[in-house]
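# Fold and geometry: a report
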Amino acid sequence: MSKINIVPVFVPHYGCPNDCIFCNQRKITNQDYIKDFDETRKSIEEYLSYFSNREKTTQIAFYGGSFTGLPKDVMEEFLKIGKSYIDEGKVDSLRLSTRPDYIDNEILSTLEKYGVKTIELGVQSMVDEVLIANRRNHLSEIVKTSASLIKTRGFDLGLQQMLGLYKSNKERDIYTTDEFLKLEPDFVRIYPTLVIRDSFLEDLYNSGNYEPYSLEETIKVTKILFCMYYSSEIEIIRIGLQPTDNITLGKDVIAGPFHPSIRQLVLQSLYRDFMLQELQDFYKKAVTIYVNDSQINYLVGNKGANRENLIKKFKIPSLKFKSSENKKIYVESDNLNKELDFDVFLRNYIERLR
Ligand code: SF4
């Protein structure tokens, strides 16, 4: 269960001057800001009415664009709306996503004034060649400067990473994670690159100059990154794009590893590897596994895939799962019992995966 209530506000792209090759946002002119401010208030009221649990931290989140790249008066108008809910005691703070090159001390002072607590940077890659090839219009150095500024000024820092970008590969994705770890973010999001309709990446894909990761490759690479972030105690708050009416294969997604629950696939694959390593001593034994409710889905796997795999591999005549309060997994058979620690496994598994 999420530790915070998020009230999302999707800020339209008011004429983004950038042209990242994986994005299909077109420049919008003559935007009716006033209408959007009204919509923002309505949407916030509606979301707040869903949240009965005010014991949890509640944040209004400005998503969907490069928030700090908005004209200053427009940005401040959105921030004022957010701040009014803080003043009324209905929310605790604000959060937003933006580009690394749209951060400086003056912008941070404005954000601070209106109660912004969390800033997410859409970084995508820390490899300059990849940033250039994807027309991000900035290099990795600016990411380091912005991230350090955000942290020094006391904001929570989130970093977004894309996998399998044009001109990237497994090694470069791992390098980006290594660089992210040095920036000590409070959390990260991981987005496998998808080929979106009407983007330049679609042309590259159609002309055979770009091949996205397969779902299998995505899971392989994400498993490594998962272990890296986990070992550094950095929370991954999302893996993969949220499916919407258009973000789905056959609509705006032309190609790429689209899947509604990549996190489940990654975790169940890690649990499968874990159990294959740990159950070797239980060959041909009847086994009962005591496992916490938060882990059972990953351990058993989608449609029981992991369970079937273990039974087959170790010729287990009977494999039962029982619910346990404990975070550690306990395996019991007639004459052999074992306590397993998934955390320790993840920490030691990185080198084998790399
Ligand atoms: S990804 Fe963001 S910065 Fe790049 S073109 Fe799209 S909206 Fe603009």
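Residues numbered from 1 in each chain as written. Predicted model: local features only at pLDDT ≥ 70, side-chain atom pairs only at ≥ 80, totals over all residues.

## Here we look at the overall build of the chain
A tally of regular secondary structure across the chain gives 12 helices and 13 strands. Computed over the C-alpha atoms, the radius of gyration of the chain is 23 Å, within 12% of the 20 Å expected from 2.2 N^0.38 for a compact globule of 354 residues. C-alpha atoms of the chain, sized along the principal axes, occupy 70 × 55 × 40 Å. Per-residue burial over the chain gives 34% buried out of 354 residues. (Helix = DSSP H or I, 4+ residues; strand = E, 2+ residues; numbered from the N terminus. Rg over C-alpha atoms; globule rule 2.2 N^0.38 Å. Buried ≥ 20, exposed ≤ 12 C-beta atoms within 10 Å, placed from the backbone.)

## A closer look at the sheet that holds strand E6 (residues 187-192)
Taking strand neighbours across the sheet as the criterion, the 7 strands line up as E1-E2-E3-E4-E5-E6-E8 in an open arrangement whose pairing is parallel. At either margin of the open sheet sits one strand with a lone partner, and together these are strand E1 (4-10) and strand E8 (235-239). Strand-to-strand twist of the sheet, defined as the mean angle between neighbouring strand axes without regard to direction, takes the value 20 degrees. Strands in contact with helix H8 (residues 215-231) are strand E5 (156-163), E6 and E8; relative to E6, the strand with the most contacts, it is inclined by about 175 degrees. (Pairing = 2+ DSSP bridges. Axes fitted to C-alpha atoms, helices over the stretch in contact; angles between N-to-C directions. Contact = placed C-beta atoms within 7 Å.)

## Here we look at the sheet that holds strand E13 (residues 337-340)
Sheet strands pair via backbone hydrogen bonds, and the direction of the pair is either parallel or antiparallel. Pairing is mixed in the open sheet, where 4 strands are placed in the order E11-E10-E12-E13. The open sheet has two edge strands with one neighbour each: strand E11 (319-324) and E13. Taking the axes of each pair of neighbouring strands and ignoring which way they run, one obtains an average angle of 20 degrees across the sheet. Summarising the sheet, strand E10 (residues 287-292) and E11 pair through 6 bridges and their orientation is parallel. The partner of Ile 289 across the bridge, within E11, is Phe 321.

## Let's talk about the site of the ligand
Taken together, 10 residues surround the ligand, and among them Cys 16, Asn 18, Cys 20, Cys 23 and Gln 25 come closest. Its residues assigned to classes, the shell around the ligand shows 3 nonpolar, 5 polar and 2 charged. (Near = placed C-beta within 6 Å. Nonpolar A, V, L, I, M, F, W, Y, C, P; charged D, E, K, R; others polar.)

## Description of the domain arrangement of the chain
Partitioning the chain into structural domains gives domain 1 (4-260) and domain 2 (271-353). Each partner contributes to the interface: domain 1 provides 6 residues, whereas domain 2 provides 5 residues. Partitioning the side of domain 1 that touches domain 2 into residue classes produces 4 nonpolar, 1 polar and 1 charged. (Domains from an automatic or database assignment.)

## Considering unusual backbone geometry
You will see that Lys 303, though not glycine, has its phi angle at about 55 degrees, which is positive. By the secondary structure assignment, Lys 303 is in the loop between helix H10 (293-300) and helix H11 (305-314). Assessed through the 8 C-beta atoms surrounding it within 10 Å, Lys 303 is described here as exposed.

## Brief notes about the nonpolar core
If you look at the biggest cluster of nonpolar residues, it comprises 79 residues, and the most contacted ones within it are Ile 60 and Val 266. Considering every element that reaches this core, the biggest residue donor is helix H9 (residues 262-278), with 8 residues. Taken together, domain 1 (4-260) and domain 2 (271-353) each give at least three residues to this core, which thus spans both. Every residue in contact with Ile 60, bar those within four places of it in the chain, is listed here: Val 7, Val 9, Ile 44, Gly 82, Tyr 85, Val 91 and Leu 94. (Core = buried A, V, L, I, M, F, W, Y, C linked by C-beta atoms within 7 Å.)

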